Amino acid sequence: MTATMRPAPSACPACAAAPAAEALAARDLPDARIALSLPTIHCAACISKIESALDAHPQVRSARVNLTLKRASIDAAPGVTADEMRALVERLGYEAHELDAGTLNATATDKAGRDLLMRLAVAGFAAMNVMLLSISVWSGADAATRDLFHWISAAITLPAIAFSGMPFFRNAWAALRQGRLNMDVPITLAIVLAVITSLWETSLSGEHAYFDAAIALTFFLLAGRYLDHRTRAIARSAAEELTALEVPRATRLHDGEEEVVSVSELAAGDLVLVRPGGRMPVDGEIVGGTSEIDRSLLTGETRPVFAGEGQAVSAGEVNLTGPLTIRATAVGAETSLHRMADLVAIAESGRSRYTSLADRAAKLYAPGVHILAGLSFLGWYLYTWDLRTALNIAAAVLIITCPCALGLAVPAVTTAASGRLFRRGMLIKHETALERLAQVDTVVFDKTGTLTAGTPRLEAPGAVPPEAMAVARALAEGSSHPLARAIAEAAREAGVAAAKVSDVTEVPGYGTKGRYEGREVRLGRASWTGAAPRAQTASFLDMGGGGPVAFPFTDALRPGAQEAVAALVADGKRVILMSGDTEPAVAALADRLGIKEWTAEALPADKAARVDALGAEGGHVLMVGDGLNDTAALAAAHVSISPASALDAARVASDIVLLGNDLSPIGAACVTARSATRRIRENFRIATVYNIVAVPLAVAGLATPLIAALAMSASSITVSLNALRLR
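Cut-offs applied
Throughout this document, residue positions are counted from 1 along each chain, in the order its sequence is written. A pLDDT threshold of at least 70 governs which residues receive local features in this predicted model, and a stricter bar of 80 or more applies before side-chain atom pairs are shown or counted, although totals over entire chains, interfaces and linings include all residues. The basis for every side-chain value is the complete set of heavy atoms in the structure, and neither hydrogens nor water enter the calculation. Put simply, DSSP marks the helices as runs of H or I at least four residues long and the strands as runs of E at least two long, and each gets a number from the N terminus on. Exposure classes here rest on a 1.4 Å probe applied to the protein chains alone. A residue is buried below 20% of its type maximum, exposed above 50%, and partly exposed in between. Between two residues, a contact is recorded if the distance between any of their heavy atoms is within 4.5 Å. By nonpolar core is meant a set of buried Ala, Val, Leu, Ile, Met, Phe, Trp, Tyr and Cys residues that side-chain atoms within 4.5 Å join together. The arc in question is traced by the directions running from the helix axis to the C-beta atoms. Two aromatic rings from Phe, Tyr or Trp, using only the six-membered ring of Trp, form a pair when their centres are within 6.5 Å; if the ring planes differ by under 30 degrees the pair is stacked, by over 60 it is edge-to-face, and anything between is tilted. A pair of strands is treated as paired once DSSP finds two or more bridges between them. In this analysis an axis means a line fitted to C-alpha atoms, helices contributing only their contacting stretch, and an angle means the value between N-to-C directions, from 0 to 180 degrees.

Visitor: Would you mind showing me how to read the overall build of the protein chain here?
Guide: Helix and strand counts for the protein chain come out as 26 helices and 26 strands. Buried positions account for 54% of the 727 residues belonging to the protein chain. Taking contacts inside the protein chain between residues at least 6 apart in sequence as the whole, the part at least 24 apart equals 69%.

Structure below.
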């Protein structure tokens, strides 16, 4: 590395500190800011354990772990690399990946929610005070006292409405500037007309002022808006998360020298060194070294794949056992990982075009309200030639037809349904997810990490001879391979001590060897140990005689997987299993769960294309997945679910998150979604009947703005009570 270059934190262990020591000593570097993705954390104990370990590092200034985002933010002394922090976390037993902090937006605080809550509180406080003054007026105050109380009410109401009603005013103005109408336009007109009419009445010492109606209307509308806000999660873009998981830096080989460079500086044809544990920063071809690579993030394939010279690799794959030299064939926006992010972005934009029931109702509702109020004003003015009477009736029409019940129809139900599903372990993230879930007729499951736990376990360890298990444990403890770790864990659980094996050496891409009782022993691939390959994932132990001993592995079902599939089939859903894993593994799981349709060795683009094709056939697809290879399909589906243990990118691409490990709530969620949709339609019918009854009274001049506000409040309460029946 040249003396002018500064090493940067890297997700790749290839970025060792030694080549950069001189440069670090020669320069005064700023503090290191490192972001790690922690996809396997799941509780407060995980947070405490990781934060304590990071804070105990002598060069870490502060460390914070966010459970919701599954992310650690670390401020450290100059020279601390992301590789050090990643290794520290992985020693605790957690998976960790570096996130490029430059491509991530700062975690947004819920400013919109706090803003709505503050405006709601101001409107509520003002409404209580104005109502107290109104009671005194209604009880028969004399003219002077009535006028005084009206002016005090105006002094309270005007600034409160100016502040609290700002969301409605802003949205209405934006709609009018674009030459269209939305639900906020009649809301704004109703509030403004009620205030203007009240000021006019007060200035003329009239008996009736409607400041209480105006502020109460604002309060109820804000309550509906806040309920709506609480039902949706403000999620970051899944495409952004995928981009963040790209390796920000790599080790380039130039004239035999290693130099750490930004991935943006790489070009096709460059040689890149990737050490064990590092993710591929580019698409390319292996030109040196042998190893095994983990493709599970991109393809879902459970078993590591042998990697040797001439083999193609993709950005995002993980090098497991030996150093590899890669000749780059695609960098930056041309890599497979970046193309996946593009697929997700396209799918997300398609989903955003889904129109909710409330939006469709608003398109019909808003023009009708304005026409009706305008005709009422014109008719009464021509009939009486009294501007005050015409304005009062027009205001009453706008208030009594104000879409408060319509605005609450959806959020009141979704809040109740979201609470019900949350108690069952499901978090609704998107505002239209329940409506879309109710329409589902096809369910597509990923395999690894979704229907299965995603971690290999030794099958029937008791069937392995004790001596073979002891030797296998000794060899396995010398390797970081996932299958070797599973063998070592099974031996420890069985109480089998490691045999005395010397000269333990890991052979990248093949396995581990050593010497036991004067002969060479090997643990690893079938071809390396002289065993016949199996369809089932397995490692083999060659003890120098008697034939290799097989160590077959299985992937345990996730809790509730069988119940979820059975419930969906019983509900008449078409269930499909789609995985990047090998055909025998997928076929075996499909048969075990009773799934008749399945697809194996599916690439991320294949999954997204299949989901799109099912949608084009008229199906409403629910996609359930957890990995990077599922992200594009999750975003392309009509509605999607991912476990809380899923990678960040998959979790934010989904509409619903399973908070626990149990899949069984999925079937019940579809039933709840259909029930919620029925309640929403009932609420619309209630609002329609209310308007059919109330509007003629207002048009006929039989309802003052105050009576209209009370009627509007009654309709809102009725809608809310109907929503609570869902519980």
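Once you've had a look at it, read on.
Visitor: Sorry, what's going on with the nonpolar core here?
Guide: Soluble globular proteins tend to pack their nonpolar side chains together in the buried interior. Ile-215, Leu-217 and Ile-400 are the most contacted members of the largest nonpolar core, which totals 42 residues. Taken together, the elements giving at least two residues each to this core come down to helix H4 (111-138), helix H5 (143-164), helix H7 (184-203), helix H8 (211-230), helix H12 (357-384), helix H13 (387-400), helix H25 (665-699) and helix H26 (705-724). Considering every element that reaches this core, the biggest residue donor is H13, with 9 residues. Beyond its immediate sequence surroundings of up to four residues, Ile-400 is in contact with Tyr-690, Asn-691, Ala-694, Val-695, Ala-698, Ala-703, Ala-708 and Ala-711. Of all hydrophobic cores here, the second largest spans 41 residues; its members include Leu-589, Leu-622, Ile-641 and Ala-673.

Visitor: What is the right way to read helix H20 (residues 561-570) from this model?
Guide: Count 3.6 residues to each turn of an α-helix, and residues three or four apart come out pointing the same way. Every buried residue belonging to H20 is among Ala-561, Ala-564, Val-565 and Leu-568, and all of these are buried. The buried residues of H20 all sit within an arc of 95 degrees when viewed along its axis, so they share a single face. Where H20 is buried, its residues contact strand E15 (442-445), helix H16 (447-451), strand E21 (549-557), strand E22 (574-578), helix H21 (583-593) and H25. Downstream of H20 by one or two residues, Gly-572 has phi in the positive range, about 85 degrees.

Visitor: I tried to follow the packing of aromatic side chains on my own but got confused; where do I start?
Guide: The description of an aromatic ring pair rests on the distance of the ring centres and on the angle between the ring planes. Counted by the stated rule, this structure contains 5 aromatic pairs. The interplanar angle of 5 degrees and the centroid separation of 6.1 Å between the aromatic rings of Phe-377 and Tyr-381 together place this pair among those described as stacked. Residue Phe-377 and its partner Tyr-381 are located together in helix H12, separated by 4 residues, close to a single helical turn. Classification of Phe-377 by relative accessible area gives partly exposed; the value is 27%. When the ring of Tyr-510 is compared with that of Trp-528, the centres are 6.3 Å apart and the planes differ by 40 degrees; the resulting orientation is tilted. Taken together, the residues Tyr-510 in the loop between strand E17 (502-507) and strand E18 (511-516) and Trp-528 in helix H19 (residues 526-529) connect sequence positions 18 residues apart. Here Tyr-510 falls in the partly exposed class, since its relative accessible area comes to 28%.

Visitor: Explanation requested: the sheet that holds strand E24 (residues 621-624) in the structure shown.
Guide: Strand pairing in a sheet takes place through backbone hydrogen bonds and is either antiparallel or parallel in direction. Read from one edge to the other, the open sheet built from 7 strands follows the order E14-E26-E25-E24-E15-E22-E23, with strand pairing classed as mixed. At either end of the open sheet lies a strand with only one pairing partner, and these are strand E14 (426-428) and strand E23 (597-599). Each strand axis lies, on average, 20 degrees off the axis of its neighbour in the sheet, ignoring direction. Relative to E22, E15 is paired through 4 bridges, and the arrangement is parallel. When the sheet's bridge partners are listed, Val-444 is paired in E22 with Ile-576. Of the strands in this sheet, E14, E15, E24, strand E25 (639-643) and strand E26 (656-658) are in contact with H25, which crosses E14 at around 40 degrees.

Visitor: Is there a simple way to explain the pairing of strand E20 (residues 538-542) in this structure?
Guide: Side chains on a regular strand alternate between the two faces of the sheet. Within E20, 4 of the 5 residues are buried, which leaves it mostly tucked inside the rest of the structure. One ladder, built from 4 bridges, connects E20 with E21; its direction is antiparallel. Counterpart to Ala-538 in the pairing with E21 is Pro-552.

Visitor: When you look at the pairing of strand E9 (residues 291-294) in this model, what are you seeing that I'm missing?
Guide: Where E9 and strand E10 (residues 305-307) come together, 3 bridges link them in antiparallel fashion. The residue bridging Ile-293 from the neighbouring strand is Val-305, located in E10. In the sheet, E9 pairs with strand E12 (residues 318-319) via 2 bridges, with the strands oriented antiparallel. Looking at E12, one finds that Ile-293 is bridged to Asn-319.

Visitor: Would you mind going over the side chain of Ser-539 with me for this structure?
Guide: Take Ser-539: it is sitting in strand E20. When near neighbours in sequence (up to four residues on either side) are disregarded, Ser-539 contacts Leu-483, Ile-487, Leu-523, Gly-524, Val-549, Ala-550, Phe-551 and Phe-553.

Visitor: Sorry, what's going on with the sheet that holds strand E11 (residues 312-313) here?
Guide: One open sheet accounts for 6 strands, arranged E6-E5-E7-E13-E8-E11; its pairing is antiparallel. Edge strands, defined here as strands with exactly one partner in the open sheet, are strand E6 (257-262) and E11. Pairing of strand E5 (residues 249-254) with E6, which is carried by 6 bridges, proceeds in the antiparallel orientation. Bridging across to E6, His-254 finds its partner in Glu-257.

Visitor: Help me out: how do you make sense of the side chain of His-57 in this one?
Guide: If you trace the backbone, His-57 turns up in the loop between helix H2 (44-56) and strand E2 (60-66). Not counting residues within four places of it along the chain, the set of residues in contact with His-57 comprises Glu-84, Met-85 and Leu-88.

Visitor: Can you walk me through the environment of Ala-474 in this structure?
Guide: Here Ala-474 is to be found in helix H17 (residues 466-476). As a C-alpha pair, Ala-474 and Ala-499 span 25 residues in sequence and 5.8 Å in three-dimensional space. Residues contacting Ala-474, with those up to four places away along its chain left out, are Ala-498, Ala-499, Val-501 and Val-504.

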